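Summary of structural features
Each chain, written out:
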Amino acid sequence: MMDLSEAIEINEEIQKILGSNQDLFSLVEGYGLIKYRLDYHDWVISANNPFNSRCCSINVHKIITKLSYQLKYRAKKKNIEIRREGASHNNLNQRVALFVGFFLLIENAIKYSPSDREIIIKMQDIDINSAEVIIENQCGIIEKDEIPKLKQMHFRSKSAISSASGRGLGLKLADNIFSDAKSRLDISYTLAESGDYGIFSVSVVLNDLK
């Protein structure tokens, strides 16, 4: 898979075809997502390879766009649309693991959003050395005393337990990744006026690591 993926990356003819076919693009790019997850898994298990400390030039807009393509098929099963707003043009020196961090946040939004809704991902550059990403989705009712516990290992709200299976690891792992990236993962929840559902929001501000 790795050899094939690398061959596809340098083949201009294939790249033109991928550029005009989102389904094929998502399939090919999906290997990159698997590789990132395996790398992070290896680091969590052994800690021999300092995956969390590896840095490269990161463009938030490109990461979010790529993940939107890769995860749209999971969203499609629930007739959920992933909508992107705004843009981020900064290239930041940041952790390689951010790709997995944003994957976990978008996957979480899909998992706990009701069917036939949309997930909104907002991006903006704050200054030349920082960018912000906000991910919003509708979800069930979360009690006030549950909100501070959502980033705790294995904790799941009553609404989450009743709406989808899981182990309560996604937000905790994402929080660890963004913490390693010298960033903070903020969570907020607003109950709708009808009282039938709420808006769950996560925000991350990324800074250039000097």
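Residues numbered from 1 in each chain as written. Predicted model: local features only at pLDDT ≥ 70, side-chain atom pairs only at ≥ 80, totals over all residues. Heavy atoms only, no water.

Details of the overall build of the chain
What the chain contains, in helices and strands, is seven helices and seven strands. Written out in order from the N terminus, the α and β elements of the chain read α-α-α-β-α-β-β-α-β-β-α-α-β-β. Put simply, the chain has 210 residues, and 41% of those count as buried. Across the chain, contacts joining residues at least 24 apart in sequence account for 71% of those joining residues at least 6 apart. Split by element, the accessible area of the chain, about 11800 Å² in all, is 51% carbon and sulfur. (Helix = DSSP H or I, 4+ residues; strand = E, 2+ residues; numbered from the N terminus. Buried < 20%, exposed > 50% of the residue type's maximum accessible area, 1.4 Å probe, protein only. Contact = heavy atoms within 4.5 Å. Areas by Shrake-Rupley, 256 points an atom, 1.4 Å probe, with all protein chains shown as cover.)

Here's the deal with the packing of aromatic side chains
In this description, an aromatic ring pair is defined by two values, namely the gap between the centres and the angle between the planes. Within this structure, the stated rule accounts for one aromatic pair. An angle of 70° between the planes, with centres 5.1 Å apart, marks the rings of phenylalanine 102 and phenylalanine 178 as edge-to-face. Of this pair, phenylalanine 102 sits in helix H5 (residues 98-112) while phenylalanine 178 sits in helix H7 (residues 170-180), placing them 76 residues apart in sequence. With relative accessibility at 1%, the residue phenylalanine 102 sits in the buried group. With relative accessibility at 0%, the residue phenylalanine 178 sits in the buried group. Sitting above the plane of the tyrosine 69 ring, arginine 84 keeps its charged end 5.9 Å from the centroid. (Phe/Tyr/Trp six-rings, centres within 6.5 Å; stacked < 30°, edge-to-face > 60°. Lys NZ or Arg CZ within 6 Å of the ring centre and 35° of its normal.)

A few points about the packing of H5 against H7
It is the contact of H5 with H7, at a shortest axis distance of 9 Å, that shows an interaxial angle of 150°. As far as their axial angle goes, H7 and H5 are roughly antiparallel. Like other packed secondary-structure pairs, H5 and H7 cross with a definite hand, here left-handed. Contacts between H5 and H7 involve Leu98, Val100, Gly101, Phe102, Leu104, Leu105 and Asn108 from the former and Gly170, Leu171, Leu173, Ala174, Ile177 and Phe178 from the latter. Tallied by class, the residues present in the contact of H5 with H7 amount to ten nonpolar, three polar and no charged. (Axes fitted to C-alpha atoms, helices over the stretch in contact; angles between N-to-C directions. Parallel < 35°, antiparallel > 145°, perpendicular 65-115°, else oblique. Left-handed = near helix turned anticlockwise from the far one by under 90°. Nonpolar A, V, L, I, M, F, W, Y, C, P; charged D, E, K, R; others polar.)

Focus: the nonpolar core
Formed by 41 residues in total, the largest nonpolar core has its most connected members in Phe102, Leu105, Ile106, Ile135 and Phe178. Elements with a contribution of two residues or more to this core: helix H4 (60-76), H5, strand E4 (118-127), strand E5 (130-139), H7, strand E6 (185-191) and strand E7 (198-207). Broken down by element, this core gets its largest block of residues, ten residues, from H5. Once residues within four sequence positions are removed from consideration, phenylalanine 102 is found in contact with Ile63, Ile64, Leu67, Val133, Phe178 and Leu206. (Core = buried A, V, L, I, M, F, W, Y, C linked by side-chain atoms within 4.5 Å.)

Considerations on the sheet that holds E4
The five strands lie next to each other as E2-E4-E5-E7-E6, forming an open sheet whose pairing is mixed. Of all the strands in the sheet, just strand E2 (81-86) and E6 have a single pairing partner and so form its edges. Neighbour-to-neighbour, the strand axes of the sheet open up by a mean angle of 20°, direction not taken into account. Across six bridges, the pairing between E2 and E4 is parallel. Counted as the bridge partner of glutamate 85 is lysine 122 from E4. (Pairing = 2+ DSSP bridges.)

Here's the deal with H5
Helix length check: H5, at 15 residues, gives a terminal C-alpha distance of 21 Å against a target of 21 Å (1.5 Å per residue), a fit within 8%. Counting buried residues in H5 gives 14 out of 15 residues, a clear majority hidden from the surface. (Expected span 1.5 Å × (residues − 1).)

Comments concerning the state of the cysteines
Tallied over the entire structure, the rule returns zero disulfides. Its sulfur unpaired, cysteine 55 is 7.6 Å from the next cysteine sulfur, which belongs to cysteine 56. (Disulfide = S-S within 2.5 Å.)

Notes on the packing of H4 against H5
Contact geometry for H4 and H5: axes closest at 10 Å, N-to-C directions at 35°. Regarding H4 and H5, the two cross each other, and that crossing is right-handed. Across the interface between the two elements, Ile63, Ile64, Lys66, Leu67, Gln70, Leu71, Arg74 and Ala75 of H4 pack against Phe99, Phe102, Phe103, Ile106, Glu107 and Ile110 of H5. Here the contact of H4 with H5 is built from residues that sort into ten nonpolar, one polar and three charged.

Some points on the environment of histidine 154
With respect to the helices, strands and loops of the structure, histidine 154 is situated in the loop between E5 and helix H6 (158-163). Separated by 13 residues in the primary sequence, histidine 154 and arginine 167 place their C-alpha atoms 5.6 Å from one another. Every residue in contact with histidine 154, bar those within four places of it in the chain, is listed here: Arg167, Gly168 and Leu169.

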